[in-house]
Amino acid sequence: MNIQSPVTALFQTDKWDRSRGSKAVAAVAAVHAEAVDRSARFPSEAFAAARAERLLGAMIPTNLGGQGASVSEIVEVCYALGRACASTGMIYAMHQIMVACLVRHGGDADWARDLQRRVGTEQLLLGSSTTDGKGGGDLRNSSCAVTQQGSGMELTKSATVISYGAQADAILTTARRSPEAASSDQVLVAATKEQYTLEPSVGWDTLGMRGTCSSGFTLRANAPTRQVFEDSYQLINARTVLPIAHLTWGAVWAGAAAGAVERARQFIRGAARNASGQLPPGAAHLTRASATLRALRSTIASAMARYEAAAQDHDHLDSLDFQGAMNLLKVNASEMAIATVMSALQATGLSGYRNDSACSVGRNLRDVLSSSIMINNDRILANVASATMLTEVPQSLRD
Ligand SMILES: Cc1cc2nc3c(=O)[nH]c(=O)nc-3n(C[C@H](O)[C@H](O)[C@H](O)COP(=O)(O)OP(=O)(O)OC[C@H]3O[C@@H](n4cnc5c(N)ncnc54)[C@H](O)[C@@H]3O)c2cc1C
């Protein structure tokens, strides 16, 4: 895995040879962002562009038709797309988390290699189904179970949220290992579109992240048993889903916050121009927005460096300290992203509050507010509480 220094790894997109593709897709996403938000529709133009630029298979190894991109490169793309259209960025992030599961946990199994090859060459879009019935954001417990049927398996899940379920080409879903298994004894199952049906249950008319089309469905899958990952979901979640989700989500929220700061900057510059260079009173809020954005970017950058340094060290990935740090990354990133957009709103005043102004930060605010409930921050803080109690307070700034 490509290990770079914390800051250079993240936000110097010109050093990344795939940056041209990411810029091209971001430009398309920006053009359609308002329409996607208004109609709560899938950002089809941006994903057509992403396929054309081969961004969906970027993390697939080169020998399987991908580009072998590192996690930090993917995080960069998430930031660029998040700036343009947070829904596009979030869909891309969720897809890449599933690609990472396939690459890191699919092993040498023929089905996993075939699916990787299809993602690399056909640019398949992978969805994720963890939310199960009334379980909400409790990723580590499932109600539904895998049932053996001859050489195959089947499962039925009341999936209250599956982002872009209708547009996905394959879904990776959690389930109990068997009908007798405890709710936390989970496996991850991959099923391609022809191996499942989705019966719509609830729609997706939300405040923000409207383009993710995260409707509810009854998911019925019928697939060969070999498509159950050998690694337990507990392990896949700890080593891959948790860190990569929180890094890529954080980057998307940072992107949405950066988009708001850019609008606030334009507003303050315009106001200063109209007042012969005199800064308007809201200028201090722009400074505050830039400061929290800067802190947010360096929080993600240092977490990224920590993840990449530990990516092959299973003991480190499994340690309480690493798990706690990656969990808190999500809470911190979400709080800082919201604070940044709120400062941008204060800086822009009524112009930013209006939906019909060039300086509107309304969509950024609505999108970024999803960050604290997408696996609720309260749930994460409660889960990390015991580990925090056991972790010693660092003796130096470098620990
Ligand atoms: C944009 C977006 C896209 C999504 N995409 C997908 C997807 O593709 N696939 C998928 O499976 N899911 C998806 N989800 C759902 C997500 O994974 C969570 O399941 C969902 O955010 C949980 O929301 P909840 O409020 O219903 O549930 P909960 O997390 O159960 O929270 C409900 C309430 O209980 C409180 N609470 C819960 N636990 C605790 C605790 N331990 N301590 C204190 N308070 C607690 C919370 O504060 C909250 O008020 C998506 C969510 C969003 C916002």
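Quick caveat: nothing in here was measured; it's all calculated off a predicted structure. (Residues numbered from 1 in each chain as written. Predicted model: local features only at pLDDT ≥ 70, side-chain atom pairs only at ≥ 80, totals over all residues.)

## Overview of the overall build of the protein
For clarity, the threshold we go by: Secondary structure follows DSSP: runs of H or I at least 4 residues long count as helices, runs of E at least 2 residues long count as strands, and numbering of each begins at the N terminus. C-alpha atoms define the radius of gyration, and 2.2 Å times the number of residues to the power 0.38 defines the globule rule. Residues with at least 20 neighbouring C-beta atoms inside 10 Å of their own are called buried, those with 12 or fewer are called exposed, and the rest are partly exposed, where every C-beta is derived from the backbone. Note that contacts rest on C-beta atoms placed from the backbone: two residues are in contact if these are within 7 Å.
Per the secondary structure count, the protein includes 13 helices and 7 strands. The C-alpha radius of gyration computed for the protein amounts to 21 Å, which stays within 12% of the reference 21 Å derived for 399 residues, consistent with globular compactness. For the protein, with 399 residues in total, the buried portion stands at 49%. Long-range pairs, those at least 24 residues apart, make up 77% of the contacts in the protein with a sequence separation of at least 6.

## Considerations on the sheet that holds strand β2 (residues 147-149)
Quick note on the threshold: Any two strands between which DSSP finds at least two bridges are classified as paired. As a rule, the C-alpha atoms of each element are fitted with a line to give its axis, helices using only the stretch in contact, and angles between N-to-C directions run from 0 to 180 degrees.
The 4 strands are arranged β2-β3-β7-β6 in an open sheet whose pairing can be described as antiparallel. Two strands lie at the open edges of the sheet, namely β2 and β6 (196-200), each paired on one side alone. Across the sheet, the mean angle separating the axes of adjacent strands is 20 degrees when strand polarity is ignored. As judged from the 8 bridges shared by strand β3 (residues 152-159) and strand β7 (residues 217-224), these two strands associate in the antiparallel manner. Residue pairing in the sheet places A159 in a bridge with F217 of β7.

## A word on the site of the ligand
This is how it is decided: As used in this record, a residue near a molecule or strand is one whose C-beta atom, placed from the backbone, is within 6 Å of it. When residue character is reported, Ala, Val, Leu, Ile, Met, Phe, Trp, Tyr, Cys and Pro are called nonpolar, Asp, Glu, Lys and Arg charged, and the others, Gly included, polar. For each domain, the first and last residues come from an automatic or database assignment.
Around the ligand, the structure places 22 residues, and the nearest of them are T131, G136, G137, S163 and D378. Its residues placed into classes, the shell around the ligand shows 9 nonpolar, 11 polar and 2 charged. The residues that make up the shell around the ligand include at least three from each of domain 2 (128-227) and domain 3 (233-390).

## Here we look at the nonpolar core
Generally speaking, soluble globular proteins have nonpolar side chains that are buried together. Definition in use: By definition, a nonpolar core groups buried Ala, Val, Leu, Ile, Met, Phe, Trp, Tyr and Cys residues that are joined through C-beta atoms within 7 Å.
Within the largest apolar cluster, 122 residues are counted, with the highest numbers of intra-cluster contacts made by C78, L81, V189, A254, A257, A337 and V341. A per-element tally of this core places helix α7 (residues 233-274) first, with 21 residues.

## Regarding the domain arrangement of the protein
Looking at the protein, the domain boundaries give domain 1 (6-125), domain 2 (128-227) and domain 3 (233-390). Using only C-alpha atoms to locate each centre, domain 1 and domain 3 end up separated by 20 Å. Only α1 (6-11), α4 (71-84) and α5 (86-105) provide two or more residues apiece to the side of domain 1 that touches domain 3. Looking at the side of domain 1 that touches domain 3 residue by residue, the class counts come to 18 nonpolar, 5 polar and 3 charged.

## Comments concerning α5
What counts is decided by this rule: Expected span of a helix: the number of residues minus one, times 1.5 Å.
Between the first and last C-alpha of α5 there are 28 Å, a value that for 20 residues agrees with the 28 Å anticipated at 1.5 Å per step. α5 sits mainly inside the fold: 18 of its 20 residues count as buried.

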